Amino acid sequence: MSDVRHVLVLPDRDAAEEAAQELGERFGIDEEPRILRDALAGEDDAEDAQWLVVLRDEREALDPGELDAFAGEWEGWREEP
C-alpha cells in the first residue's frame, strides 16, 4: 500500500464540509477525509482562510483529474503534490 494523499483546496468551511461528505458518496472512499483551515501567515480573518480537505488514497484508485473537477464544483482545486 502507498501513502498517497490528495488535498482539495476550498474557499470556505461550508464548501469543505459539503465536499468531504460527498466524497464518500461519489468516490466510495472508506476513510473520512480530514478538514483543515489554512490561513496565510499573519492573517487572522476567517475570510482570508482557505479550507483543505485531505483524503488518503492507499489503493491509488482516485483519478486526480476527477478530483480537480469535483473541487471545482465548489470553486476550489486539487493541490498538486
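Residues numbered from 1 in each chain as written. Predicted model: local features only at pLDDT ≥ 70, side-chain atom pairs only at ≥ 80, totals over all residues. Heavy atoms only, no water.

*Asks:* Any chance you could explain the pairing of strand 3 (residues 50–56) here in plain terms?
*Replies:* Look at any regular strand and the pattern is simple: side chains alternate between the two faces of the sheet. Judged by how many residues are buried, strand 3 sits mostly within the fold: five of seven residues are covered. In this sheet, strand 3 lies alongside strand 1 (residues 5–10) in antiparallel orientation, the contact comprising six bridges. What sits directly across from Val 7, in strand 3, is Val 54. Bridge count for strand 2 (residues 34–38) against strand 3 is five bridges, and the pairing is antiparallel. (Buried < 20%, exposed > 50% of the residue type's maximum accessible area, 1.4 Å probe, protein only. Helix = DSSP H or I, 4+ residues; strand = E, 2+ residues; numbered from the N terminus. Pairing = 2+ DSSP bridges.)

*Asks:* Help me understand the pairing of strand 1 in this model?
*Replies:* In this sheet, strand 4 (residues 77–79) lies alongside strand 1 in antiparallel orientation, the contact comprising three bridges. Bridge pairing in strand 4 links Val 7 to Glu 79.

*Asks:* Where do I start with helix 1 (residues 13–27) in this structure?
*Replies:* Side chains three or four residues apart in an α-helix point the same way, a direct result of the helix having 3.6 residues per turn. Compared with the 21 Å implied by 1.5 Å per residue over 15 residues, the 21 Å span of helix 1 between its first and last C-alpha is a close match. Considered for burial, the residues of helix 1 that qualify are Ala 15, Ala 16, Ala 19, Ala 20, Leu 23 and Phe 27. Those residues of helix 1 that are buried lie in contact with strand 1, strand 2, strand 3 and helix 2 (64–72). The opening residue of helix 1, the one whose side-chain oxygen lies 3.2 Å from the backbone nitrogen of Asp 14, is Asp 12. (Expected span 1.5 Å × (residues − 1). Contact = heavy atoms within 4.5 Å. Polar contact = N/O pair within 3.5 Å; in protein donor to acceptor, adjacent residues only side chain to side chain.)

*Asks:* Quick question: what am I supposed to make of the environment of Arg 59 here?
*Replies:* Mapped onto the fold, Arg 59 is located in the loop between strand 3 and helix 2. Along the backbone, Arg 59 and Val 4 are 55 residues apart, and their C-alpha atoms lie at a distance of 8.2 Å.

*Asks:* Explain the confidence of the model for the chain here, please?
*Replies:* Residues with a pLDDT of 70 or more make up 86% of the chain, whose mean pLDDT is 88. Element-level pLDDT for the chain is lowest in strand 2, with a mean of 93, against a maximum mean of 97 in helix 2. (pLDDT = per-residue confidence, 0-100.)

*Asks:* Whenever I open this one, the environment of Val 4 confuses me. Can you help?
*Replies:* One can find Val 4 in the segment before strand 1. For the pair Val 4 and Pro 81, spaced 77 residues apart in sequence, the C-alpha separation works out to 9.4 Å. Ignoring any residue separated from it by four or fewer positions in sequence, one finds Val 4 in contact with Leu 55, Arg 56, Asp 57, Glu 58 and Glu 60.

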